[in-house]
Amino acid sequence: MILNGTLDLAADLGGVAKAADFLRQGLLVAFATETVYGLGGDARNSDAVAGIYHAKGRPSFNPLIAHVASVEAAQRFVEWSDRAEALAAAFWPGPLTLVLPLRANHGISPLVTAGLDTLAVRVPAHGTARALLTAFDGPVAAPSANPSGQISPTTAAHVRAGLDGRIAAILDDGPCGVGLESTIVGLAGEPALLRPGGVALEQIETVLDAQLHLHQASDMLTAPGQLQSHYAPDAPVRLNAGTPQGDEVLLGFGQVSCDLNLSEDGNLTEAAANLFSALHRLNSMGRPIAVSPIPDHGLGAAINDRLRRAAAPRDS
Ligand code: TXA
Ligand code: MG
């Protein structure tokens, strides 16, 4: 289908209904969630899912998260367990993704799982995302709505800057509150942290009353959130910086003199919400980026994970 540009849809009843219609037609819609904007397509429709990979320029061996409206909807696609129940009760709807064994006759396109026998599922908390999933009444595959390898989008303007003309519409509901992608927990074997994110590891371990295995990059699939260089601005990034050197702009945290501060109060939740927007802004200044040290506990672990990838050596 030839697109006449990408429509901007307001996050009202009409906009949500139109977005659900586009999904039913196999078209792609970016939509606000509490973590980052997602690039959604019908998870049962291989043409739509192939379109997601194409629009993002994403290597197709990287599986996608299926977004659903409720625990009951998730249970149609994956084998449920006591641990899944405990984590869902504590954190759904919210910024947590669970990787569970696929059920028989699940109907999910193999392009979503990249041929694995597990599926990543998430019930988002964001009102507009929930309204869209309820109106569509099916599973929506949605990676972050950015070209592969680039900074994740936390506003509709970020989505448009990266994907304009490649997708049918953007369901705009302002900036994302959490600002970091969901935490991914693998429950197909021993519980494992597959990606730090919007729910702190410590909280998950408290609910499970167990320590999570920390995923080793070499262990299993190569995934975009696990590739070394990811979330990458065009400019080089230097971490744990005291003062800026040469032409650098300083992204600060806490009481420091800097060009842009993630949180003057040293609040990690606020810093997470500001992270990707700050990287987008500093990137547009075209100067090298230095970043103040960020504590590595709570949401700081996920912030540091994203910053390390933004700073990693580039493939090309
Ligand atoms: O907050 C989020 O999770 C956002 C919003 C849109 O919901 N989505 C997101 O998707 O971050 P994406 O595609 O950028 O990241 C999905 C991650 C990848 O690292 C992928 O490898 C992993 O989930 N993943 C998906 N299915 C998996 C599976 N079956 N086993 C292991 N990892 C999986
Ligand atoms: Mg992503």
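As shown above, the structure is provided for reference.
Structure report, in brief. (Residues numbered from 1 in each chain as written. Chains lettered and ligands numbered in written order. Predicted model: local features only at pLDDT ≥ 70, side-chain atom pairs only at ≥ 80, totals over all residues. Heavy atoms only, no water.)

**Quick notes on unusual backbone geometry**
Here's step 1: For the bond from W92 to P93, the omega torsion is -5°, close enough to zero to count as cis.
Here's step 2: A positive phi angle, close to 55°, is found at D209, a residue other than glycine.
Here's step 3: Note on placement: D209 falls in the loop between α8 (201-208) and β11 (213-214). (Helix = DSSP H or I, 4+ residues; strand = E, 2+ residues; numbered from the N terminus.)

**Let's talk about helix α6 (residues 127-136)**
Here's step 1: Taken together, the buried positions of α6 are occupied by T128, A129, L132, L133 and F136. Looking straight down α6, one finds its buried side chains confined to an arc of 135°; they lie on one side. Exposed and oriented more than 90 degrees from the buried face of α6 are G127 and T134.
Here's step 2: Looking at the buried side of α6, the elements it contacts are α1 (13-24), β2 (29-31), β3 (38-42), β4 (65-67), β7 (140-141) and β8 (169-172). (Buried < 20%, exposed > 50% of the residue type's maximum accessible area, 1.4 Å probe, protein only. Arc of directions from axis to C-beta. Contact = heavy atoms within 4.5 Å.)

**Section: the pattern of salt bridges**
Here's step 1: This structure, assessed with the given rule, holds 10 salt bridges.
Here's step 2: Residue R309 pairs with D305 through a salt bridge whose shortest N-O separation is 2.8 Å. Placement of both R309 and D305 in helix α10 (residues 299-311) is noted, with a separation of 4 residues, approximately one turn of the helix.
Here's step 3: The class for R309 is buried, based on a relative accessible area of 16%. (Salt bridge = Lys/Arg side-chain N within 4 Å of Asp/Glu carboxyl O.)

**Let's talk about the environment of Y53**
Here's step 1: Summarising the element assignment, Y53 is placed in helix α2 (residues 46-56).
Here's step 2: Considered as a pair, Y53 and P147 are 94 residues apart in the sequence and their alpha carbons are 9.5 Å apart.
Here's step 3: Leaving out residues up to four positions away in the same chain, Y53 has contacts with R58, P59, S60, N62, P63, L64, L111 and V112.
Here's step 4: Reaching out from Y53, the side chain makes a polar contact with the backbone oxygen of L111 at a distance of 2.5 Å. (Polar contact = N/O pair within 3.5 Å; in protein donor to acceptor, adjacent residues only side chain to side chain.)

**A look at the sheet that holds strand β15 (residues 289-291)**
Here's step 1: The strand order β12-β15-β13-β14 describes an open sheet built from 4 strands, whose pairing is parallel. Every interior strand has two partners, whereas the edge strands, β12 (237-238) and β14 (260-261), have only one.
Here's step 2: One ladder, built from 2 bridges, connects strand β13 (residues 249-252) with β14; its direction is parallel. From the neighbouring strand, G252 faces β14, where its bridge partner is N261.
Here's step 3: Relative to the sheet, helix α9 (residues 268-285) contacts β13, β14 and β15, its axis offset from that of β13 by approximately 175°. (Pairing = 2+ DSSP bridges. Axes fitted to C-alpha atoms, helices over the stretch in contact; angles between N-to-C directions.)

**What about the sheet that holds strand β9 (residues 183-186)?**
Strand pairing within a sheet occurs via backbone hydrogen bonds; the two strands may be parallel or antiparallel.
Here's step 1: The mixed open sheet is built from 11 strands, whose spatial order is β1-β8-β2-β3-β7-β4-β6-β5-β9-β10-β11. Whereas interior strands pair on both sides, the edge strands pair on one side only; in this sheet they are β1 (7-10) and β11.
Here's step 2: In the sheet, β3 pairs with β7 via 2 bridges, with the strands oriented antiparallel. Paired with D42 across the bridge in β7 is V140.
Here's step 3: Those strands touched by α1 are β1, β2, β3, β7 and β8, and its axis lies near 135° from that of β1.

**Notes on the packing of aromatic side chains**
Here's step 1: Tallied over the full model, the rule gives 1 aromatic pair.
Here's step 2: Between W80 and W92 the ring centres are 6.0 Å apart and the planes differ by 40°, which places this aromatic pair in the tilted class. Of this pair, W80 sits in the loop between α3 (71-75) and α4 (82-91) while W92 sits in the loop between α4 and β5 (96-101), placing them 12 residues apart in sequence.
Here's step 3: By relative accessible area, W80 is classed as partly exposed at 23%. (Phe/Tyr/Trp six-rings, centres within 6.5 Å; stacked < 30°, edge-to-face > 60°.)

**Things to note about the pairing of β5**
Here's step 1: Burial runs high along β5: 5 of the 6 residues are buried.
Here's step 2: The sheet contact formed by β5 and β9 spans 4 bridges and is parallel. For T97, the partnering residue across the bridge sits in β9 and is I184.

**What about the packing of α4 against α8?**
Here's step 1: Contact geometry of α4 with α8 gives a least axis separation of 10 Å together with a crossing angle of 130°. As far as their axial angle goes, α8 and α4 are oblique. Note on packing geometry: the crossing formed by α4 with α8 is right-handed. Judged by residue contacts, R83, A86, L87, A90 and F91 of α4 engage Q203, I204, V207 and L208 from α8. (Parallel < 35°, antiparallel > 145°, perpendicular 65-115°, else oblique. Left-handed = near helix turned anticlockwise from the far one by under 90°.)

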